[in-house]
Every structure is written in structure tokens, then in C-alpha cells.
Amino acid sequence: MSETISLAASPGQPRATPRSYEVRTYGCQMNVHDSERLSGLLSDAGYHPAEAGAQADVVVFNTCAVRENADNRLYGNLGRLKEIKREHPGLQIAVGGCLAQKDRDTIVQRAPWVDVVFGTHNMGSLPALLERARHNAEAQVEILESLEQFPSTLPTKRESAYAGWVSISVGCNNTCTFCIVPSLRGKEKDRRPGDILAEVEALVADGVIEVTLLGQNVNSYGAEFRDRGAFAKLLRAAGQIEGLERLRFTSPHPAAFTDDVIAAMAETPSVMPQLHMPLQSGSDRILKVMRRSYRSSRFLGILDRVRAAIPNPAITTDIIVGFPGETEEDFQQTLDVVEQSRFAQAFTFQYSRRPGTPAADLPEQLPKEVVQERFERLVALQDRIAREENEKLIGSEVEVLIAEGEARKADSGRLSGRARDNRLVHVALPEGASTPRPGDMVTTRVTAAGSYFLLADDTNHYQLRRTPAGDAWDRRQADSCGVPAPGTSGSASGGATMLGMPAIRTRG
Ligand code: SF4
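Residues numbered from 1 in each chain as written. Predicted model: local features only at pLDDT ≥ 70, side-chain atom pairs only at ≥ 80, totals over all residues. Heavy atoms only, no water.

Undergrad: Summarise the overall build of the chain; cite the residues concerned and give the values.
TA: Counting its secondary structure elements, the chain contains 14 helices and 23 strands. Of all 508 residues assigned to the chain, the portion counted as buried reaches 56%. As displayed, the chain has an accessible area near 20400 Å², and 51% of this comes from carbon and sulfur atoms. (Helix = DSSP H or I, 4+ residues; strand = E, 2+ residues; numbered from the N terminus. Buried < 20%, exposed > 50% of the residue type's maximum accessible area, 1.4 Å probe, protein only. Areas by Shrake-Rupley, 256 points an atom, 1.4 Å probe, with all protein chains shown as cover.)

Put into C-alpha cells, the structure is as follows:
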């Protein structure tokens, strides 16, 4: 079902010169990926990215509804743009993403200077809605209840020359009580394997050497077309694509994680020795209230089997502290599971009440100071474990994919990138060595470690491998400024790194 309403907005604006755009992204990787599609759509429609520091003619907010206060933050940002719009009358403001899907026309009621509101299911309509808002001089609100076009079939403007995201599914069939995703993104829709593989092949042909397969619950991939082994098959098939050096996926769900996926990970050389699998809580009682259908013993069993099949995988997780009704005993069980799991990293969140989720109405919401104190204990424990796990790697050889947006640090002379297991590594360059380009590979040795990074300062054990991804980065530089530096590179382009778990991104 589609809902389109028109409300008063900014005056009409003739299209004379090409207009610039900026996409501001909040939330998860899914939103980061969607923002690449939004940028691609706008570029295809003749817009160009705004120069750094310049006011864009179109500002798009790709919002997230998962965190509490997301709406306050959005309206604060929109308030600031209202002033700018007065001095820049052609400015158009569009709001999309989960919060737009949820709040719909209330956005233009609270911020009538907004020109376009669009939902998670109709990103492809953005250029047409902007055009219509300009032509009709009134705000356009269009929210669809189901998916109009799969996000990955829309044009894209990738942030990174060497890494790409590929959607395999959207939506989620689970009903975790803290999560707003099922009500905003709808039921899981699986993309056909042939389309996914064709997109991976196209990315690799374009110089990409690392691909992340993306879905809210990748392990249930195939449920829609009734193939329970579909995800393992997809991993194996993507692993056959020549030139793809690194393959990973996010996020799996422990309830649906099957051994055929572990076997596919272990037997596919390009699958990175890493796994990000959300634990959320180590207490079985809390997992039940969260409506997460696995128990901590199952979670730990998966880790054992992954570690038995894959040498030294880096396992990371998400944990929520202070879920309603969580007792000290429940929290202690989370600490116990964290101790046993030996995570390389944990993304820890303090539970925040999200209106519209079942958990928001649960009794026994915990006082902030209790949540904060538990959170600090958990972070201290995980920091110690991460440091110990990282220190075990001192002396080992590591292959680092040099990251974009990580200019050579003037103070340390190091470059940064990600190891095969996705750990962050800061690499020292030998005196006089040419600077690797983002996307090039460096083999070196780990000399020190902290909780969040490895240092590789052994310049005697340093080897640079130039890759097609580095060549692609050179081509991009040539396209953008016409001055590539053959054989060398200066600082990176200034874009944020695609690696890791971005939380808030601003894109031009
Ligand atoms: S698995 Fe749970 S947390 Fe993840 S998207 Fe689905 S409902 Fe949300």
C-alpha cells in the first residue's frame, strides 16, 4: 500500500545548474549501504556530491529508529537547517530511513520546511519526489508498506574503491522485543542467488577485493524460496569468484546458525577468519524475554565449532546491558559467557527504551545508574579479554588491507588497515618505501597490541603487494582531480573507512 500526501513547503525552484547533494547517515550497516544507493540514485539523476565544507543544495537524512533520542537528534539537525534554508532558498531537505517509515507525515508537521519524506521501501523514488516537491512547491511524503525494488538493484555510488556491501535479504522474520526493525523493514525478502553473485562479480570487475554480504539475519537466507542450505551454498559460490580476496557477512542469528555454514566458511579460502554474531545477553531468562530463541549454551557451542573448524578466528558480538528486569545474577551470567567466549571485540549497548517495541512497555525498566555501572564492568572485562587475545598475536605475520580515509599519521608515520580477521592494524613503513594505496595489501609482523588495535612496527618484515583495488583507487583519484600519483599515493581521499562497524557517517 502506498500513502502520498502533500503539505506546504519551500517555494518552487527552477533547475538550471547541476545541484549538489549530501547524504547524512545514522545507524547500522544496512543504512550505510542504503546511503550508497541514495548517492547512486542522485548521481544518476544529475546531482553531484557537494564539496567538503560547502552547503549542499539537497541534504538527505537517512535515519535510524533503533536508538532512543533518534528523533530528538533528527529534529535538532532539521532545526539548524531551517536557518540555513532561509539564506539558501534552493535548499531541499529529504528525510528517509527507518524513522521516516515510522513517523511519516508527523515529520512535515513538526518540520514543515522539509521537502521530501520517503520510507525504507521506496528509496528509488527519491529523485522523482525531489523533482515533484520543487515543481509543485509542496512537500512530498511517500511511504510504501512493502518493498518496491530491491535496494541492490538501484544504482550505487560506492564510498570505497576496494570494499563493497551486497544485500542478500532485507527485513526480518524474528520478533526480538527490543528491536524496531521487523515493524519498519517488514518480513524477510531474499534476493535470488544469481542476482547476488552477478553483483559481486560486477564489484570485483570494478576493482573491489572485499565484499560483505548483508542481511538482518543472513542464516535464514533462502527461507523465502525454501532452501535451508542456501546461505552456505551462496558463500561457496561467491568464494569461487576470481579476484575476490576477502568475503564476510553480517549479521548471523545464533538460532539459525547451522553447521553447513561453518563448513562453507572453513572450506572457502576467501571467507575471512572472523565472525560477528550478536549474543545480546548471557542470561537464558533474559534471552527468553528478549524473544531470542537460542540459549547461551547453543551460542557457546557454535563458537566451539567455529574455532574447531577455522584457525584463530576473530569473533565479535553485540551485547545489550540493562534490559528490563535484568538482575545482578542475569548480568553475572552475561559476564560469564563473555569470559568464556573470548571475543576479539564486543559492541556494548546500554538498553534504551524505544517506543513502538514490545520491550518499551515491559515493567522493571532499570535505573540509569544501575545500567551505567554494569556497562562499565562489562567494558572493563571485554577490554582486558580483547587485549589478552590481541597480545597472543605478537610475533605473528599479518596481511593488512590498507584502508581508505586513514592518511599516514604524521606523528607516528603509520598507516592503518584491517587484517584478514578484520582486526585494526597500524603499520609502520620502512624508511623510503613507497606509500601503499588504499586497497593495497601489506604483509608485516605484529609487534605490540592494545585492546582495540595491533601495531606492526617490524619494518624488516614488510612486503607490499599492489592490487587491482589499489589501481581502482588510483583511477578514482584521476577521475576526481586528475592528478593520480603513479606508483605512489599521498593521503587518502578523505572519505571515512568502510571497514569496521560505522555508527554515524556523513557522505557527500
Ligand atoms: S534478528 Fe532480532 S534484532 Fe535482528 S533485525 Fe531481526 S528482530 Fe531485530
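So, next bit.
Undergrad: How would you sum up the site of the ligand? Please name residues and give values.
TA: Close contacts around the ligand come from Cys 172, Asn 174, Cys 176, Phe 178, Cys 179, Val 181, Pro 182, Gln 216, His 253 and Arg 292, and that covers them all. Of the residues contributing to the shell around the ligand, the split by class is 6 nonpolar, 3 polar and 1 charged. (Near = heavy atom within 4 Å. Nonpolar A, V, L, I, M, F, W, Y, C, P; charged D, E, K, R; others polar.)

Undergrad: Tell me about the sheet that holds strand E8 (residues 163-167), and name the residues and values.
TA: One open sheet accounts for 3 strands, arranged E8-E11-E12; its pairing is parallel. Every other strand in the sheet has two partners, leaving E8 and strand E12 (246-250) as the edge strands with one partner each. Here the strands of the sheet are splayed against their neighbours by 20 degrees on average, with no regard to which way each runs. Bridge analysis of strand E11 (residues 210-214) against E12 gives 5 bridges, and the strand direction is parallel. Within the sheet, the bridge partner assigned to Val 211 lies in E12 and is Leu 247. (Pairing = 2+ DSSP bridges. Axes fitted to C-alpha atoms, helices over the stretch in contact; angles between N-to-C directions.)

Undergrad: Just give me the short version of the environment of Thr 447, but keep the residues and values in it.
TA: Relative to the helices and strands, Thr 447 resides in the loop between strand E19 (441-445) and strand E20 (448-449). As a C-alpha pair, Thr 447 and Glu 391 span 56 residues in sequence and 9.0 Å in three-dimensional space. In this view, Thr 447 contacts Ile 394, Leu 455, Ala 456, Asp 457 and Asp 458; residues no more than four positions away in its chain are not counted. Looking at Thr 447, its side chain comes within polar contact range of the main-chain nitrogen of Asp 457, at 3.0 Å. (Contact = heavy atoms within 4.5 Å. Polar contact = N/O pair within 3.5 Å; in protein donor to acceptor, adjacent residues only side chain to side chain.)

Undergrad: Describe the packing of aromatic side chains, with residues and values.
TA: Tallied over the entire structure, the rule returns 5 aromatic pairs. Ring geometry for Phe 299 against Phe 343: centres 6.1 Å apart, planes inclined by 70 degrees, an arrangement best described as edge-to-face. Remark: Phe 343 occurs in the loop between helix H12 (328-341) and strand E15 (345-350) and Phe 299 occurs in helix H11 (residues 296-309); sequence separation between them is 44 residues. Accessibility classification places Phe 299 together with Phe 343 in one group, the buried group. Between Phe 323 and Tyr 351, the ring centres sit 5.3 Å apart and the planes meet at 70 degrees, which makes this aromatic pair edge-to-face. (Phe/Tyr/Trp six-rings, centres within 6.5 Å; stacked < 30°, edge-to-face > 60°.)

Undergrad: Describe unusual backbone geometry, and please don't skip the residues or the numbers.
TA: The linkage connecting Thr 250 with the following residue, Ser 251, adopts the cis geometry, with an omega of -10 degrees. In this fold, Ser 251 is placed in the loop between E12 and helix H9 (259-267). One non-glycine residue, Arg 291, lies in positive phi territory at about 60 degrees. Checked against the element boundaries, Arg 291 lands in the loop between helix H10 (284-289) and H11. Overall, the relative accessible area of 45% leaves Arg 291 in the partly exposed class.

Undergrad: Quick one: what's the story with the sheet that holds strand E18 (residues 424-428), residue by residue and with numbers?
TA: Ordered by their spatial adjacency, 7 strands build an open sheet running E20-E21-E18-E17-E16-E19-E22, and the pairing between neighbours is mixed. In this open sheet, the two strands that pair with only one neighbour each are E20 and strand E22 (463-465). Sheet analysis places strand E16 (residues 397-402) next to strand E17 (residues 414-418), joined by 2 bridges and oriented antiparallel. Across the sheet, Leu 401 pairs through a bridge with Arg 418, a residue of E17.

Undergrad: Break down the pairing of strand E5 (residues 92-97) for me, citing the residues and quoting the values.
TA: Of all 6 residues in E5, 6 are buried, a share of seventy percent or more. Neither face of E5 is left uncovered, since the one carrying Gln 92, Ala 94 and Gly 96 and the one carrying Ile 93, Val 95 and Gly 97 both have all their residues buried. The sheet contact formed by strand E4 (residues 58-63) and E5 spans 6 bridges and is parallel. Considered in E5, the bridge of Thr 63 is made with Gly 97.

Undergrad: So what's going on with the pairing of E11? Residues and values would help.
TA: Counted residue by residue, E11 has 5 buried out of 5 residues, so it is predominantly covered. Burial along E11 is two-sided: Glu 210, Thr 212 and Leu 214 and Val 211 and Leu 213, pointing in opposite directions, are all buried. As paired strands, E8 and E11 are joined by 5 bridges and run parallel to one another. Bridged to Ser 167 within E11 is Leu 214. On the question of chirality, the crossover connecting E11 to the parallel E12 by way of helix H8 (residues 230-239) is right-handed. (Right-handed = clockwise from strand over helix to strand, strands pointing away.)

Undergrad: Break down the pattern of salt bridges for me, with residues and values.
TA: Oppositely charged side chains can form a pair if their charged atoms are brought close together. All chains considered together, the criterion is met by 33 salt bridges. Among the salt bridges present, the one from Arg 37 reaches Glu 199, with a minimum N-O distance of 2.9 Å. Here Arg 37, found in helix H1 (residues 29-44), pairs with Glu 199, found in helix H7 (residues 193-205); they are 162 residues apart in sequence, far enough to count as distant. A salt bridge links Lys 392 to Glu 389; its shortest N-O distance comes to 2.8 Å. (Salt bridge = Lys/Arg side-chain N within 4 Å of Asp/Glu carboxyl O.)

Undergrad: Tell me what's going on with the UniProt feature "binding site: [4Fe-4S] cluster 1" (unreviewed entry) in the chain, and back it up with residues and numbers.
TA: According to UniProt, the "binding site: [4Fe-4S] cluster 1" (unreviewed entry) feature falls on Cys 28, Cys 64 and Cys 98. Across 71 residues in sequence, these annotated residues keep their C-alpha atoms within 10.8 Å of one another, forming a single compact spot. Lining the largest cavity, from this annotated set, are Cys 64. In this fold, Cys 28 is placed in the loop between strand E2 (20-26) and H1. Relative to the helices and strands, Cys 98 resides in helix H3 (residues 98-103). Each residue touching Cys 98, except ones within four places of it in the same chain, is listed here: Thr 63, Cys 64, Ala 65, Thr 120, Leu 184 and Arg 185. (UniProt positions renumbered as here; feature names shortened; annotations may be inferred. 1 Å grid on protein atoms, 1.4 Å probe; cavity = no way out; pocket = protein on both sides within 12 Å on 5 of 7 lines; lining within 4 Å.)

Undergrad: Could you give an account of the nonpolar core, naming the residues involved and the relevant values?
TA: Core analysis: the biggest nonpolar cluster contains 52 residues, and Val 200, Val 211, Leu 213, Phe 231, Leu 235 and Met 265 have the highest contact counts within it. Not counting the four nearest positions on each side in its chain, Leu 235 is found in contact with Leu 213, Leu 247, Phe 249, Val 261, Ala 264, Met 265, Thr 268 and Val 271. Grouped together as the second largest cluster of nonpolar side chains are 28 residues, Cys 64, Leu 74, Tyr 75 and Val 141 included. (Core = buried A, V, L, I, M, F, W, Y, C linked by side-chain atoms within 4.5 Å.)

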